[in-house]
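Listed below are the residues making up each chain.
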Amino acid sequence: MAKAEEQARENEEPLHPYKPSRRGFFSVLGLGWVAFTGASAGLLAGMVRFLFPNVLYEPVQTFRAGYPSEYAVDVVDERFKAKYGVWIVRIKDGFYALSTVCTHLGCTPNWLAADRKFKCPCHGSGFVMSGVNVEGPAPRPLERFGIELGPDGQIVIDKTRVFRQEKGQWGLPGSFLEYTA
Amino acid sequence: MPESIKSIANALGDPRLYFLLTVGLLFSYYGFRKTLTKPAVFAGFMAGGVLFFFAGLSDHNFALIALKPDNVPIAFMLVLVAFFTWLSLRRAVINDELRKRGEPNLEEQVARQKVFTWPDLVFSELICLLVVGVILVVWSIYLKAPLEEPAAPAVSPNPAKAPWYFLGLQEMLVYFDPWLAGVVFPSLIIVGLQAIPYIDRNPKGNGYYTFEERPFAILTFQFGFIVLWVSLVILGTFLRGPNWAFFGPFEYWNPGKLEPLINVDLSELFWVYGLRQPLPDFWLIRELPGILLLLAYFGILPIVLAKTVFRRMYIEIGFARYQVMSQLFLFMALLPIKMLLRWAFNLKYLVHINEFFLNI
């Protein structure tokens, strides 16, 4: 008889496999939330890590641009536009390096040698040879990069140093390379 | 197509003329609606427009733009916009007549005839779905989506155009600072459209077409849609060429077209040209004319309008709703005003505070 009762209870058992207490339910729920938060945080950390790759395939920020004597006066040099995003301009008194990023929305303007101006194809901003904005919507002049003469006599462009005209930085040392020859 | 028509069309491609012509067309269409919405007159206009388009295709420069797979939808859009503008105005004219005679309007006449959702409505919907689906499939097979060269940060296509339906937004970017034209104005367009039911609780025109009961609401909306959106899409597609310069629709896109557009700010006009003295150093004094002008535009002009043109509306909708309406209205009007100022005087900014990137 007792055996049969036990048997019956055992048979009933699988119908109610989990009968948690209140406290037990909340522990399981808490554990679930901790696991979920942990997994989300791990995913987020992975995504943040993805933004900082081990190897960055971008050109160096400082580069040599040849000897000053290679440049003709009054000419905008476009050799370094595609690779480094820099125009090197030689005027009578020396050199300066202009960024090729339009100050409006970041398109790349073109140097129109016949009109002697930089003209942006996206919204028509225009800049004169010095980089000053004269037409279209660009709010400020093109930025200039650090430029100096290296120990080997070559021009060195340093893109980590940025000079902005509207902040009065075009007169600072390093923004202009004096050279007369 | 004769050269004389082409040169007239090219001359009308001048942005000032083009803009004034578009505005004039819209308002005269609504002004002379009784004659212009007659089916025969409308059919004549449509035939003329379609004939002009197809005759224009014989021109190489025009065909290059109009037949670009990206731009083909614009032709369809123009036909649809013209047709539905006509249809709504035609019914409005008839309804206004009926209302004057005290008869039920067109929509009330059919409101008594009822059909079943199933099968009448669902079947028409199914047929529409099939027809549109077939059109889209055939279209996508015969007109390829153009792929361009791989992206390179140092190369921007010349001209670099947004998708055609965004060309109105791109055109705004030419006249305003990016934060205004790219963020504030698009948000205001969306918020403003959402606000319309709360500002305008006039029940007239609900469920039936009318013009004479709602001239302000209809003309304002049509100005925003037809002039500031559709016509700017056409301007961006057909009139903007290399270096984002203006070209006539039949003009060769010469990338070397020289357009000296030396911009001036309002501060320069006021201090240098007006008072013949150098620009003041301190930005607040330098930009005072523009700041005062904008304050007057957004602060005093609504009051003046409430006393004059919008007098009846102000009484009807009350202070709070009038304020919201007038500010949205003036923001909308700022766009064509600034465009005309740029085209007529090369005016760049009313307020140009580079110190904090606040340019309006």
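Refer to the structure presented above.
Trainee: Lay out a nonpolar patch on the surface in plain terms, naming residues and giving numbers.
Mentor: Residues and elements named next belong to chain B. On the surface, Ile-189, Ile-190, Leu-193, Ile-196, Phe-221 and Phe-225 cluster together to form a nonpolar patch covering roughly 530 Å² of accessible area. Secondary structure elements with two or more residues in the nonpolar patch: helix H10 (178-199) and helix H11 (215-239). Here the element with the most residues in the nonpolar patch is H10; it accounts for 4 residues. Examined against the element boundaries, Phe-225 turns out to sit in helix H11. With a relative accessible area of 34%, Phe-225 lands in the partly exposed category.

Trainee: Please provide a residue-by-residue account of the interface of chain A and chain B, values included.
Mentor: Counting residues at the interface gives 26 residues for chain A, matched by 31 residues for chain B. For the pair chain A and chain B, the two sides together bury roughly 2000 Å², of which 51% comes from carbon and sulfur. For chain A, the biggest contributors to the area lost against chain B are A:Pro121, A:His123 and A:Pro139; these three give 25% of the whole. For the pair chain A and chain B, the number of links is 0 salt bridges. Between the two partners, chain A and chain B, sit 8 residue pairs in polar contact (both at pLDDT 80 or more). Every element with two or more residues in the side of chain A that touches chain B is listed here: helix H3 (81-84), strand S5 (110-112), strand S6 (117-119) and strand S8 (133-135) of chain A. Sorting elements by how many residues they give to the side of chain A that touches chain B places S8(A) first, with 3 residues. Per-class residue counts for the side of chain A that touches chain B are 11 nonpolar, 7 polar and 8 charged.

Trainee: Requested: an account of the pairing of strand S4 (residues 94-99) of chain A, with residues and values cited.
Mentor: Residues and elements named next belong to chain A. The buried fraction of S4 amounts to 6 of the 6 residues, a majority that puts the element mostly inside the structure. Where strand S3 (residues 86-91) and S4 come together, 6 bridges link them in antiparallel fashion. Bridge pairing in S4 places Trp-87 opposite Leu-98. Linkage of S3 to S4, two consecutive antiparallel strands, is achieved through a turn of 2 residues. Relative to strand S11 (residues 177-178), S4 runs antiparallel, the two being bridged by 2 bridges. Paired with Gly-94 across the two strands is Glu-178, which belongs to S11.

Procedures and definitions
- Every chain is numbered independently, its residues counted from 1 as its sequence is written.
- Lettering of chains starts at A and numbering of ligands starts at 1, both following the order in which they are written.
- Given that the model is predicted, a residue must reach a pLDDT of at least 70 before its local features are reported, and side-chain atom pairs must reach 80 or more before they are shown or counted; all residues, however, enter totals for whole chains, interfaces and linings.
- Calculation of side-chain values draws on the structure's entire complement of heavy atoms; hydrogens and water are dropped beforehand.
- Only residues whose relative accessible area exceeds 30% and that form no salt bridge are eligible for patches; like-charged ones are grouped when within 9 Å, while nonpolar side chains (Val, Leu, Ile, Met, Phe, Trp, Tyr) are grouped when within 5 Å.
- Residue exposure ignores everything except the shown protein chains as possible cover, and the areas themselves are Shrake-Rupley values with a 1.4 Å probe.
- Take a side-chain nitrogen of Lys or Arg and a carboxyl oxygen of Asp or Glu: if they are within 4 Å of each other, that pair is a salt bridge.
- Under the DSSP-based scheme used, a helix requires at least four consecutive residues in state H or I and a strand at least two consecutive residues in state E, with every element numbered from the N terminus.
- Type-normalised accessible area, obtained with a 1.4 Å probe on protein chains alone, sets the label of each residue: buried when under 20%, exposed when over 50%, and partly exposed for intermediate values.
- In this description, contact between two residues means that some pair of their heavy atoms is separated by no more than 4.5 Å.
- Joining two parts hides part of their accessible area as seen by a 1.4 Å probe, and the buried area is that hidden amount summed over both.
- Under this definition, polar contacts are N or O atom pairs within 3.5 Å; protein pairs additionally need one hydrogen-donor-capable and one acceptor-capable atom, and for neighbouring residues in sequence, both atoms have to be side-chain atoms.
- Each residue receives one of three labels: charged for Asp, Glu, Lys and Arg, nonpolar for Ala, Val, Leu, Ile, Met, Phe, Trp, Tyr, Cys and Pro, and polar for the others, Gly being one of them.
- Two strands form a pair only when DSSP identifies at least two bridges running between them.

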